[in-house]
Amino acid sequence: MPDKIYDIIIIGAGSGGLSVGLFMSKVGLKVLMISKTYKDIGGDCLNDGCVPSKALIHVSRIAHNAKIASHFGLEISGKVDIKKAIDYVYEKQEIIREHENAQWLQEQGIDVALGRATFTGKNEIQVNDKKYTGKKIVIATGSKPQKLKVPGVEKVKYYDNESIFHINDLPEMLLVVGGGPIGIEIAQAMNRLGSKVTIVQQANKILEHDNDEVTEILLKQLKKEGIDFFFNAVVDHFISSNDAIIKLKEGENKSVQFDAVFVAIGRELDLKPLQLNNADIQFKDDKIDVDKYLCTTNKNVFVCGDVAGDLQFSHAAEFHARILLNNFFLPFNKKLNNDHMSWVTFTDPELATFGLNEKQLKERNIGYEKLEQNFQEDDRAVADNNRYGKMILYINKGGLFQKEKILGGTMVAPHAGELIQELVLANSTSLSINSIFNKIYAYPVASRINQQLIVKHKEKSLTGTIKKLLHFAFKIFS
């Protein structure tokens, strides 16, 4: 017999699990939240991902700005104390942990069980020696970093996103394996803190899921800061604790020296402890079989976050949670649809993307127009010395009875993640581009660049005929 019966059991206390659990508790339902350990509450985002990385990036930005202040006569000497930098990271994590811990959750009316969760039936979970039954169960167990498996890896000082924020010594030379968002963010941060960084990327570019035109601009800035790159390359093996052999696509081998290795080659799920077979939940190759409503083959068990096999972002997990909550309470179920999803790589400059990209538009046979705007002549970009910035928008082809709307876009610029937010809103709510065109921006806010692009697009409609009509109107009415 189960020890307790709940309206909903949530396995995992990260972004998705917390979003579901807190709302269910607020409406008066009986909620059990299961976390492996006390420290795992808050999930990867708080403990090993978004929060500590952004705190470390903040420290690295201060260090970098101090160095470039020499351009204005201010000379800075000395090195960054990595222990103080990590203490800053811990300090910020603990502030957020004040409302993401077992005691706080219990104060919100949520029961918390610490330990490994295992299915013992279709609606039954065991944690340690206790069993619990839930009318609904949500699996929100997140993911973990893939390990680099090459000969000699056991010889090196090895870090990934679960260990880099506990580093005690700043390596003089850091080898970063992987050129995705995690690898690029950490590479730039560590480079700015004082490490000499080399990145090995299997693909022929950084950030494979982003537009080549903007990733090239970011790459140029990273190289300018002194980061070295090997593209179309893999780590073949480690000769010693500080010597790696890099294999290039052409078959050539290169030796790279380092003091430590940071690995960011992807994420993987850890489904085995859940014993999904006991709940009639089908899975294959460490991927759970789910439908468009995030429901498993067990109609009372759902997924949320990385474990859904979808986009692996904290805000994607929150999006999944909203879909689940909608479908738990309303008769009209929502499907998972990422057409309005956005993501940001928090380098300097940031790279932000949202909505549909050009490849998707072509695949769906959606008519579109591509708009491009560089920051060369933008007054704020001139003042802030970031004229290298660029943005791209895709809009539908409007007509007499069809308004022009934003279908997607991307931007590379300092604070691009903030600058695109009004564009994300327009995209997700089907606002006309006139909403940007008619907006009054305070001068010289950086987001005026969005309006500049729309104005430039509108100016193309000033054909010879339109100009003649306007000339005629001016003579008549002025």
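Refer to the structure printed above.
Only a predicted model underlies this, so the values are computations on that prediction, with no experimental measurement involved.

About the thresholds
Residues numbered from 1 in each chain as written. Predicted model: local features only at pLDDT ≥ 70, side-chain atom pairs only at ≥ 80, totals over all residues. Heavy atoms only, no water. Helix = DSSP H or I, 4+ residues; strand = E, 2+ residues; numbered from the N terminus. Rg over C-alpha atoms; globule rule 2.2 N^0.38 Å. Buried < 20%, exposed > 50% of the residue type's maximum accessible area, 1.4 Å probe, protein only. Contact = heavy atoms within 4.5 Å. Core = buried A, V, L, I, M, F, W, Y, C linked by side-chain atoms within 4.5 Å. Axes fitted to C-alpha atoms, helices over the stretch in contact; angles between N-to-C directions. Parallel < 35°, antiparallel > 145°, perpendicular 65-115°, else oblique. Left-handed = near helix turned anticlockwise from the far one by under 90°. Pairing = 2+ DSSP bridges. Right-handed = clockwise from strand over helix to strand, strands pointing away. Expected span 1.5 Å × (residues − 1). Arc of directions from axis to C-beta. Polar contact = N/O pair within 3.5 Å; in protein donor to acceptor, adjacent residues only side chain to side chain. Patch = residues over 30% accessible without salt bridge, like charges linked within 9 Å, V, L, I, M, F, W, Y side chains within 5 Å. Areas by Shrake-Rupley, 256 points an atom, 1.4 Å probe, with all protein chains shown as cover. Salt bridge = Lys/Arg side-chain N within 4 Å of Asp/Glu carboxyl O.

**Examining the overall build of the protein**
Scanning the protein for helices and strands turns up 15 helices and 24 strands. Here the C-alpha atoms of the protein give a radius of gyration of 25 Å, agreeing with the 23 Å that 2.2 N^0.38 yields for 478 residues. Dimensions of the protein, computed from C-alpha atoms along their principal axes, come out at roughly 90 × 60 × 45 Å. Looking at the protein residue by residue over its 478 residues, the buried ones come to 48%. Of the contacts formed within the protein by residues at least 6 apart in sequence, a portion of 63% connects residues at least 24 apart.

**A word on the nonpolar core**
It is characteristic of soluble globular proteins that their nonpolar side chains tend to be buried jointly. Counting 49 residues, the largest nonpolar core has I11, V20, I34, F119, I125, V138 and I139 as the members making the most contacts within it. Of the residues forming this core, the biggest block, five residues, is contributed by strand β1 (residues 4-11). Listed in part, the 34 residues of the second largest apolar core include Y159, I164, V176 and F229.

**With respect to the side chain of S60**
Within the secondary structure, S60 is located in helix α3 (residues 50-68). Residue classification places S60 among the buried residues on the basis of a relative accessible area of 2%. With sequence-adjacent residues up to four places away left out, S60 is seen in contact with A189, R192 and L193.

**Thoughts on the packing of α3 against helix α4 (residues 82-97)**
Where α3 contacts α4, the axes come no closer than 9 Å and their chain directions differ by 135°. Considering their axes alone, α3 and α4 lie oblique with respect to each other. Crossing handedness for the pair α3 and α4: right-handed. Across the interface between the two elements, V51, P52, A55, L56, H58 and V59 of α3 pack against A85, I86, Y88, V89, K92, Q93 and I96 of α4.

**Considering the pairing of strand β9 (residues 173-177)**
The buried fraction of β9 is high, at four of five residues. Of the strand pairs in this sheet, β9 and strand β10 (residues 196-200) are connected by five bridges, and their pairing is parallel. Residue pairing for β10: L175 is matched across the bridge by T198. Between β9 and its parallel partner β10, the chain crosses via helix α6 (residues 181-193), and the hand of that crossover is right-handed. In this structure, β9 lies alongside strand β15 (residues 260-263), joined through four bridges in parallel fashion. Note on β15: the bridge partner recorded for L175 is V261.

**Some points on α4**
For the α-helix, the turn length of 3.6 residues means that residues three or four positions removed from each other point alike. Between its first and last C-alpha atoms α4 spans 22 Å; for 16 residues at 1.5 Å apiece the expected length is 22 Å, and the two agree. Those residues of α4 not exposed but buried are I82, A85, I86, V89, Q93 and R97. Looking down the long axis of α4, one finds its buried residues gathered within 120° of arc, a one-sided arrangement. As for α4, its buried residues are in contact with α2 (43-47), α3 and α6. With a side-chain oxygen lying 3.0 Å from the backbone nitrogen of K83, the N-terminal cap of α4 falls on D81.

**Some details on the environment of I96**
Looking at the secondary structure, you find I96 in helix α4. Separated by 88 residues in the primary sequence, I96 and I184 place their C-alpha atoms 25 Å from one another.

**As for the sheet that holds strand β12 (residues 233-240)**
To summarise the sheet geometry, strands pair through backbone hydrogen bonds and adopt either a parallel or an antiparallel arrangement. Pairing is antiparallel in the open sheet, where three strands are placed in the order β12-β13-β14. Looking along the sheet, the strands with just one partner apiece sit at the ends: β12 and β14 (253-257). Between one strand and the next, the sheet's axes are offset by a mean angle of 30°, whatever the strand orientation. Sheet topology places β12 next to strand β13 (residues 243-248); six bridges connect them, and they run antiparallel. Pairing of F238 across the sheet is with A244, part of β13.

**Quick word on a nonpolar patch on the surface**
A grouping of F23, V27, F329 and L330 is seen on the molecular surface, where their side chains present a nonpolar patch of about 340 Å² in accessible area. Relative to the helices and strands, F23 is located in helix α1 (residues 15-26).

**Observations regarding helix α12 (residues 421-428)**
Those residues of α12 lying buried are E422, L423, V424, A426 and N427. Looking one or two residues past α12, S430 carries a phi angle of roughly 60°, positive in sign.

**Observations regarding the pattern of salt bridges**
Under the counting rule described, the total for this entry stands at 23 salt bridges. Between R192 and D348 there is a salt bridge whose closest N-O contact spans 2.9 Å. Of this pair, R192 sits in helix α6 while D348 sits in the loop between β20 (342-345) and β21 (350-355), and the two are 156 residues apart along the sequence. Two residues, K460 and E369, come together in a salt bridge whose shortest N-O distance is 2.5 Å. Taken as a pair, K460 in the loop between α14 (448-459) and α15 (464-477) and E369 in strand β22 (residues 368-374) lie far apart in primary sequence, 91 residues in all. Each member of the salt-bridge network shares a partner with another, and the members are E213, E358, K370, E372 and K390.

**Structural notes on the sheet that holds β10**
Taken in spatial order, the five strands of this open sheet run β8-β15-β9-β10-β11, and their pairing is parallel. The open sheet is flanked by β8 (158-159) and β11 (228-230), the only strands paired with a single partner. Packing of α6 onto the sheet brings it into contact with β9, β10, β11 and β15, and relative to β10 it is tilted by some 165°.

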